[in-house]
Amino acid sequence: MVAYLARIWRLRYFWTSLVRNDLRNRYRRSVLGIGWSLLHPILMTAVLCAVFCPLFHSDYRQFAPFLLAGLAFWNFLVSTASQGCHCFFQGESYIRQQAAPLAIYPLRTVLGTAIHGLAALAVVLTFTWCIHGFGNVPALVSLIPTLGLMFLLGWAVAMCCGLTNVIFQDTQHLIEVLFQILFYLTPIMYPAKLLAERRTAWLLLYNPLAAFLDLVRVPILDGQLPPWSAYGTALAVVAVLLSVATFALTRLERRLIFHL
Amino acid sequence: MALIELNHVGLTFRVRTHGRITFKEYLIKGMFRRRASSIMEVRALEDINLRMGEGERVGIIGHNGAGKSTLLRVLAGVYQPTAGRRVVVGKIASLFEITLGFELDANGWENIAFRSYFQGETPRTLRDKVAQIAEFSELGDFLNMPLRYYSSGMMVRLAFSIATTIEPEILIVDEVLSAGDLAFQGKARARIEGLLDHARLVVMVSHDLNAISTLCDRAIWLDHGRIREAGPAAQIVAAYEQRAQAAQQQAA
């Protein structure tokens, strides 16, 4: 394991330069650059605010940052999963050229989407600050370990999706359907409190993704440290996914090329 | 230090006869306890025993489908043998299919960096080599162009320049050199000979028997995934040519 990670580290110039290349390719042709893709959650927030604020009788000054923060995490997760599906095909030309740790290909994917997610987070922070300032700036420091957790989550997700997609060619399609359903089951558009008082509260209790949303929202919107239970759940999810990914990777590391 | 050793190496591919399957198909067929797609076994290599050491130039010959390229990929570590043991000492650089290991949307300079980093170079060690690579490839201003617009000969020039400038201990070359023009082939040949001044190991596949007998000192004749004969290049090439002629006469 340590030796494997050391091999990944030794190739750092390779995958960082590929990530840089991916980002440049994506934004080269657009005037707004990264702005285009940040416009998407902003527009989505604007529309949802216009529709749901009157419906939920909520104030857009509360609702808009709430939504933006939720969408920032969600978009990171979804794009990591769906781009992760292609990571080994994207790296096929290198895999066929020379033996290298396969984990660098999902790493390439997650670094790309993470940079994106950081930009989206910057939008959330700026927006929240403009509307009502931060309740408690030191609480924001808790975002740093959260980002680390999310990076690991993304790496594991990209690895699992990528490996599955090599074996089953319809993985990406199934994953998109799955995330579409999950989107409504996860408190992104509605506050968790709304469900807690109803019979559907278990949906939230057993939805591990809700913990990640808390980790992002609580320090930014409420100015408090996230509850330890959220850290616990998030850590458990990351640990489980990483073990699944590692297990699958060790089983397929030497044979994956025959499936490409 | 450069060494390659194969002990009783075999490689059996398991190929699906209908390509990749979908998860839905897999589930449904699984319910009826039927295999989603039948699997065919192909024995690409069987019982290969080899030992190549420092300063050797080894050529691999054989008919199409004899397992030459598969053997090269096993040597390079891209394919893991399904039987036997492979021992390699030394840093490997390989040239397989032409577009492999290139990012087609990036330009020549960027690809020099990607590929060199992939081989384990760092920005510091690469700094001095970039100019040498560019010069040897003779691509000039084409290096500012995305690789998508390169001809195969231009890609080979670039790939070969990178692979040999970063000074690998072991160089593995599949049939790609023939895509370069005559002038470049001459240059490439000189460089391969030059590599051996530093006691390196070169393994190559070529259908150009003349190139094998002049460039290599040892040859391996593969036939249906097995080593048919191995020995001094000139002798093996002669035996192979004789066999090919006999087959031709038989056909006529």
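Residues numbered from 1 in each chain as written. Chains lettered and ligands numbered in written order. Predicted model: local features only at pLDDT ≥ 70, side-chain atom pairs only at ≥ 80, totals over all residues. Heavy atoms only, no water.

Give a description of the overall build of chain A that names residues and reports values.
Secondary structure summary: chain A contains 14 helices and zero strands in total. Taken from the N to the C terminus, the helices and strands of chain A come in the order α-α-α-α-α-α-α-α-α-α-α-α-α-α. Since a compact globule built from 260 residues should have a radius of gyration of about 18 Å, the 19 Å found for chain A is in line with a globular shape. Overall size of chain A, expressed as C-alpha extent along the three principal axes, is 60 × 45 × 35 Å. The buried share among the 260 residues of chain A stands at 49%. Partitioning the contacts of chain A with sequence separation of at least 6, the portion at a separation of at least 24 is 77%. Of the roughly 12800 Å² of accessible surface on chain A, 70% is carried by carbon and sulfur atoms. (Helix = DSSP H or I, 4+ residues; strand = E, 2+ residues; numbered from the N terminus. Rg over C-alpha atoms; globule rule 2.2 N^0.38 Å. Buried < 20%, exposed > 50% of the residue type's maximum accessible area, 1.4 Å probe, protein only. Contact = heavy atoms within 4.5 Å. Areas by Shrake-Rupley, 256 points an atom, 1.4 Å probe, with all protein chains shown as cover.)

If you had to explain the overall build of chain B to someone new, which residues and values would you point to?
Across its full length, chain B carries eight helices and nine strands. A principal-axis box enclosing the C-alpha atoms of chain B has dimensions of 60 × 50 × 40 Å. Buried residues in chain B amount to 50% of all 252 residues. Entry remark: accessible area of chain B is about 12200 Å², with carbon and sulfur atoms responsible for 50%.

How would you sum up the interface of chain A and chain B? Please name residues and give values.
Across the contact, 32 residues belong to chain A and 33 residues belong to chain B. Both faces considered, chain A and chain B share a buried interface measuring about 3000 Å² in area, 57% of it formed by carbon and sulfur atoms. At the boundary of chain A with chain B, the tally comes to two salt bridges. With its nearest N and O atoms 2.8 Å apart, the salt bridge here joins Arg24(A) to Glu110(B). Taken together, the links from chain A to chain B amount to ten residue pairs in polar contact (both at pLDDT 80 or more). In terms of residue count, helix H2 (residues 12-27) of chain A provides more of the side of chain A that touches chain B than any other element does, seven residues in total. In terms of residue class, the side of chain A that touches chain B is built from 16 nonpolar, ten polar and six charged. (Buried area = accessible area lost by both parts, 1.4 Å probe. Salt bridge = Lys/Arg side-chain N within 4 Å of Asp/Glu carboxyl O. Polar contact = N/O pair within 3.5 Å; in protein donor to acceptor, adjacent residues only side chain to side chain. Nonpolar A, V, L, I, M, F, W, Y, C, P; charged D, E, K, R; others polar.)

A description of the environment of Val42(B) should follow, citing residues and the corresponding values.
Residue and element names in this part refer to chain B. Looking at the element boundaries, Val42 is found in strand E2 (residues 39-52). Here the alpha-carbon distance between Val42 and Asn7, two residues 35 residues apart in the chain, equals 20 Å. Filtering out sequence-adjacent residues up to four positions away, Val42 remains in contact with Leu11, Thr12, Phe13 and Val15.

Outline helix H4 (residues 123-137) of chain B, listing residues and values.
All names here are of chain B. For H4, built from 15 residues, the straight-helix expectation of 21 Å at 1.5 Å per residue is met to within 8% by its first-to-last C-alpha distance of 20 Å. Along H4, the sharpest change in direction is near 40 degrees and occurs at Lys129. Of all the residues in H4, the buried ones are Leu126, Lys129, Ile133, Ala134, Phe136 and Ser137. Looking at the buried residues of H4, the elements they touch are helix H3 (108-118), helix H5 (152-165) and helix H6 (182-195). Among the residues trailing H4, Glu138 stands out with phi positive, at a value near 55 degrees. (Expected span 1.5 Å × (residues − 1). Bend = angle between axes of the 7 residues up to and from the residue.)

Describe the nonpolar core, naming the residues involved and giving the relevant values.
Counting 118 residues, the largest nonpolar core has Phe88(A), Tyr105(A), Phe212(A) and Leu75(B) as its most contacted members. With 13 residues, helix H4 (residues 60-84) of chain A is the single largest residue contributor to this core. Apart from residues no more than four positions distant in its own chain, Leu75(B) is found in contact with Ile4(B), Leu6(B), Leu50(B), Met52(B), Arg86(B), Val88(B), Ile92(B), Ile172(B) and Val203(B). Grouped together as the second largest cluster of nonpolar side chains are 41 residues, Met154(B), Val156(B), Val202(B) and Tyr240(B) included. (Core = buried A, V, L, I, M, F, W, Y, C linked by side-chain atoms within 4.5 Å.)

Account for the sheet that holds E2(B), naming residues and giving values.
Residue and element names in this part refer to chain B. Taken in spatial order, the three strands make up an open sheet running E2-E1-E4, and their pairing is antiparallel. Because the sheet does not close on itself, it has two edges, and the strands there are E2 and strand E4 (83-89). Geometrically, the sheet is characterised by an average inter-axis angle of 25 degrees between neighbouring strands, direction not taken into account. Two elements, strand E1 (residues 3-16) and E2, share ten bridges in a ladder whose sense is antiparallel. Across the sheet, residue Val9 finds its bridge partner in E2, namely Ile48. (Pairing = 2+ DSSP bridges. Axes fitted to C-alpha atoms, helices over the stretch in contact; angles between N-to-C directions.)

Summarise the environment of Val74(B); cite the residues concerned and give the values.
All names here are of chain B. Tracing the backbone shows Val74 in helix H2 (residues 68-76). Judged by relative accessible area, Val74 falls into the buried class, the value being 0%. Sequence spacing of Val74 and Val9 is 65 residues, and the spatial spacing of their C-alpha atoms is 9.1 Å. Residues within four places of Val74 in sequence aside, it is in contact with Leu6, Val9, Leu11, Leu45, Tyr79, Pro81 and Arg86.

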